[in-house]
Amino acid sequence: MRLKDKVAIITGGASGIGKATADAFAAEGAIIVIADINVTAIDAAVAQFRKKGVTATGHVCDVSNRDDAHRLMKSVDAEFGRIDILVNNAGISRYRAFAEATSDDWDPVLAVDLKGVFFCSQAVAPYMRARKSGRIVNISSALGTGAAPHNTAGSPGGSAAYASAKAGVIMLTTTLARELSPDGITVNCVAPGSFLTEFSSSTRTPQQVEDHLEYRRKHLLLRRVGTLDELASVILFFASDDSSYVTGQTLNVDGGRSDRI
Ligand SMILES: NC(=O)c1ccc[n+]([C@@H]2O[C@H](COP(=O)([O-])OP(=O)(O)OC[C@H]3O[C@@H](n4cnc5c(N)ncnc54)[C@H](O)[C@@H]3O)[C@@H](O)[C@H]2O)c1
């Protein structure tokens, strides 16, 4: 068991990629903390874990709120006496053509996707520093890496805010890795390509979802969309001692974007 008794906080862990990550961590013996804004989904996920005998707890936390982030870390430390892993996964998108986008599109995306990573990492650092160990894994996106914009086939278009936030997450990863390495904390990042979740399907019509899949089948080197397990296993790698000599890195998990390779 690679995460036996490790305390792992997963932001946005109540659904999609975060929930799949929590499942993978639980299978490796971790104590699971789901931090999310969706109370119903938190309760369902925690109940599911407890039914399987996994120690799990849920916290309502808006990552874009600094007080929420600090409250979360304080109460997890009080409950379990340690925090070993933070996965900064919570994210949102608002796709709108750049010329039409307003602050109502830009601000929430930057607040959750970039500032949320800053707040949660800053809030968890003292607890990890005190124990001279910790793993922070940030979730960026292919769109934050300069891969083709989101308005290719089957996508709704207009990703300026999202791509900017996700590119920021990559640079934040490298700067945090530098600043936290003296205290034994590694900080790495995963940049997912296409994975079918509420996030990716709610921003598209059913026809756009089908076009999106078809486009990926044609253009990805691996000719298919990835499964959530295939992504969670990479996040697990960065959260475990398998990656003990790796920090400040971003790994693309995208089936081989032929527009970049
Ligand atoms: N699905 C994809 O194809 C894809 C691709 C690249 C990157 N990503 C990134 O992966 C992450 C997870 O995406 P997903 O597809 O699982 O999305 P999802 O919508 O299925 O899940 C996101 C979770 O985050 C929670 N959340 C939203 N705002 C929050 C906030 N302010 N504070 C705390 N929790 C909040 C939601 O309630 C939800 O449970 C995001 O950062 C997203 O940008 C996803």
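Residues numbered from 1 in each chain as written. Predicted model: local features only at pLDDT ≥ 70, side-chain atom pairs only at ≥ 80, totals over all residues. Heavy atoms only, no water.

(A) Broad picture of the site of the ligand. Around the ligand, a shell composed of 28 residues is seen, among which I17, D36, N89, Y162 and T197 lie nearest. S15 has a polar side-chain atom sitting 2.9 Å from an oxygen atom of the ligand. Contact with the protein chains removes 92% of the 830 Å² of surface that the ligand exposes when unbound. For the shell around the ligand, the elements supplying multiple residues, two or more each, are α1 (16-27), α5 (160-180) and α6 (198-202). If one sorts the elements of the shell around the ligand by residue count, α6 sits on top with three residues. Classifying every residue of the shell around the ligand by side-chain character gives twelve nonpolar, twelve polar and four charged. (Near = heavy atom within 4 Å. Polar contact = N/O pair within 3.5 Å; in protein donor to acceptor, adjacent residues only side chain to side chain. Areas by Shrake-Rupley, 256 points an atom, 1.4 Å probe, with all protein chains shown as cover. Helix = DSSP H or I, 4+ residues; strand = E, 2+ residues; numbered from the N terminus. Nonpolar A, V, L, I, M, F, W, Y, C, P; charged D, E, K, R; others polar.)

(B) Molecular detail of the sheet that holds strand β1 (residues 7-11). Spatial ordering of the open sheet is given by β3-β2-β1-β4-β5-β6-β7, a layout of seven strands whose pairing is parallel. Because the sheet does not close on itself, it has two edges, and the strands there are β3 (56-60) and β7 (250-253). Sheet twist, expressed as the mean angle between neighbouring strand axes with direction ignored, is 20°. Relative to strand β2 (residues 31-36), β1 runs parallel, the two sharing five bridges. Bridging across to β2, V7 finds its partner in I31. This element, helix α3 (residues 66-80), spans β1, β2, β3 and β4 (85-88) of the sheet and lies at about 155° to β3. Across the sheet, helix α4 (residues 103-130) is in contact with β1, β4, β5 (134-139) and β6 (185-192); its angle to β4 comes to roughly 175°. (Pairing = 2+ DSSP bridges. Axes fitted to C-alpha atoms, helices over the stretch in contact; angles between N-to-C directions. Contact = heavy atoms within 4.5 Å.)

(C) Expanded view of the pattern of salt bridges. Tallying each qualifying case throughout the model produces 14 salt bridges. E28 is the partner of R2 in a salt bridge, and the nearest nitrogen-oxygen pair spans 3.7 Å. Here R2 is found in the segment before β1, whereas its partner E28 is found in the loop between α1 and β2, with 26 residues between them in sequence. When its relative accessible area of 37% is taken as the criterion, R2 is described as partly exposed. Overall, E28 belongs to the buried group, its relative accessible area being 18%. (Salt bridge = Lys/Arg side-chain N within 4 Å of Asp/Glu carboxyl O. Buried < 20%, exposed > 50% of the residue type's maximum accessible area, 1.4 Å probe, protein only.)

Read these as geometric descriptors, not functional statements.
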